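Single-letter residue listing:
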Amino acid sequence: MTTVSVPTRESLIEEIKETIKTKNVELLHLQFVDIEGILKHVTVTAEQIDSVVDGKIMFDGSSITGFTPINQSDLYLQPDLTTFAVLPWTEEEGYSEGRFLCSVKKPDGSDFEGDPRNILKKTVERAKEKGYSISVGPELEFFLFETDEYGLPTKQTQDIGGYFEPSPKDNGEKVRLEIYRTLKAMGFTIEASHHEVAEGQHEINFKYADALGSADAATTYKWVVKTVAKQFGLHATFMPKPLGGANGSGMHTNISLFDDEKQENAFYDESDKLGLSKTAYQFIAGLIENVKDFVAVTNPLVNSYKRLVPGYEAPCYIAWSASNRSALIRIPATRGAGTRVEIRCPDPAANPYLAFAVVASAGLDGVEQELTAPASVDADIFHMSAEEIAERGIENLPTSLEEAINRFEEGEIGKKTFGEHAFGEYVALKRGEWDEFRTTVHDWEVAAYQGKF
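Below, the structure is looked at part by part.

**Details of the overall build of the protein**
Part 1 of the argument: Within the protein, the secondary structure is distributed over 13 helices and 19 strands.
Part 2 of the argument: In terms of overall dimensions, the protein is globule-like: its C-alpha atoms have a radius of gyration of 22 Å, near the 22 Å expected for 453 residues.
Part 3 of the argument: When the backbone C-alpha atoms are referred to their principal axes, the protein occupies close to 70 × 60 × 50 Å.
Part 4 of the argument: Looking at the protein as a whole, 53% of its 453 residues qualify as buried.
Part 5 of the argument: At a minimum sequence separation of 6, the contacts of the protein that also span at least 24 residues come to 69%.
Part 6 of the argument: Only carbon and sulfur atoms are counted for the fraction: they give 49% of the accessible area of the protein, which is about 21,100 Å².
Part 7 of the argument: Side-chain charges in the protein split into 45 positive and 72 negative, and the spacing between the mean points of these groups amounts to 1 Å.

**Some details on the pairing of strand 9 (residues 190–195)**
Part 1 of the argument: Here strand 9 pairs with strand 10 (residues 201–206) via 5 bridges, running antiparallel. Within the sheet, the bridge partner assigned to Ile190 lies in strand 10 and is Phe206.
Part 2 of the argument: Turn length for the strand 9-strand 10 hairpin, with the two strands adjacent in sequence and antiparallel, is 5 residues, and the turn residue Gly200 shows positive phi of about 75 degrees.

**Some details on the pairing of strand 3 (residues 57–60)**
Part 1 of the argument: Here strand 3 shows a clear split, with Ile57 and Phe59 buried on one side and none of Met58 and Asp60 buried on the other.
Part 2 of the argument: With 4 bridges connecting them, strand 3 and strand 4 (residues 74–79) associate as antiparallel partners. In the sheet register, Ile57 faces strand 4, and the bridge partner there is Leu77.

**Comments concerning the packing of aromatic side chains**
Part 1 of the argument: Evaluation of the coordinates by the stated rule reveals 21 aromatic pairs.
Part 2 of the argument: An angle of 35 degrees between the planes, with centres 6.0 Å apart, marks the rings of Phe32 and Phe67 as tilted. With Phe32 in strand 1 (residues 25–33) and Phe67 in the loop between strand 3 and strand 4, this pair connects stretches of sequence that are 35 residues apart.
Part 3 of the argument: With a relative accessible area of 3%, Phe32 lands in the buried category.
Part 4 of the argument: A ring pair is formed by Phe418 and Tyr426, whose centres lie 5.6 Å apart and whose planes are at 75 degrees; its orientation type is edge-to-face.
Part 5 of the argument: Its relative accessible area of 3% is what places Tyr426 among the buried residues.
Part 6 of the argument: Aromatic rings pair up to connect Phe142, Phe188, Phe206, Tyr221 and Phe238 into one cluster.

Thresholds, definitions, all that
Residues numbered from 1 in each chain as written. Predicted model: local features only at pLDDT ≥ 70, side-chain atom pairs only at ≥ 80, totals over all residues. Heavy atoms only, no water. Helix = DSSP H or I, 4+ residues; strand = E, 2+ residues; numbered from the N terminus. Rg over C-alpha atoms; globule rule 2.2 N^0.38 Å. Buried < 20%, exposed > 50% of the residue type's maximum accessible area, 1.4 Å probe, protein only. Contact = heavy atoms within 4.5 Å. Areas by Shrake-Rupley, 256 points an atom, 1.4 Å probe, with all protein chains shown as cover. Lys, Arg positive; Asp, Glu negative; His and termini not counted. Charge placed at Lys NZ, Arg CZ, Asp CG, Glu CD. Pairing = 2+ DSSP bridges. Phe/Tyr/Trp six-rings, centres within 6.5 Å; stacked < 30°, edge-to-face > 60°.

Pasting the structure below:
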């Protein structure tokens, strides 16, 4: 077996310092996300690199959504040295900027329990205690919209292309090419890039990684996509359903467990008719058992539930299949080391750290409790009648954020995965969002009712 050399902390720091010197890096952005997954950063000069790598840069956590009260506001940023990258769009003669993704620490050096990155690390550690490593490969779709004279997004898509269409209908090719080049320069391995089904909708896929690395990559990807789009005078959005009557954007999430002792994919069993192991079936069962209780995290917006409706390829029925894309959970055809489970309901507005944490946690519940997966549904659910769906016992996902957050608060998976602090903050945030939506008078209501009543 080939031994992989893992760089030491000291060697990583020296490599980073050398890059700072050769690339003339003057500013360092220390990045983290709030409870919604919104990227934040504190910027310091490169001369402070020693303080940066030692986790001595402090910030005010009371100003960050879902973090700390004002009387406990001092928090510290501990960079993950493997996430250092020079930002390609800042490079010019004699100048550039760099970034680190960071975990958040309390003044005593312990992990801050409200940091989404720390929450995912807890789930990774839970899997490790059971002898597993978690691999995740997300697929994030996005839309490109024209902007007005003030740089604000309009409702006009950037092109009129359709699924897999090339130019001249796909005017997004140049934008995707620049996104690809930028991500590649930052260390990504890009596997595919194409126009999606809806007008103005696109997808660029990057290689899977460990759960934490994939969440870091998804966070970076969203930032890069928006930044590059702006350079073209466009607005990129990861809003799940920006256009009525068109397909929404998903974040299909491929996940697998790797058996650390056996050094093999824990989901593969060549003797099974579908090539799936007992562990894989149990993991699927855990997802099906818990999905109603975690969908408030994987689909976190009022708008998310405009996507999860029949007719637009988005999964809204709780079922699994080895081939059927109308099911919530699909098993892609690859077997052996590439065996994985794809859960199709998450959308790209989700906080990747929290989404991957609850999905992995739910699957691990199934493994730990040795749950039995229901029979697969291989027929096209989208074309079944309501009676047939009922006869088969196929349930729906929640149809609103209110219903989803009620299930999240009542269930166990959220408390177990998030911890008390983050769980309470998330519920309060989402209840506030629903209440604001519920009490707002919308354009549809005015158009439908004002002249009639």
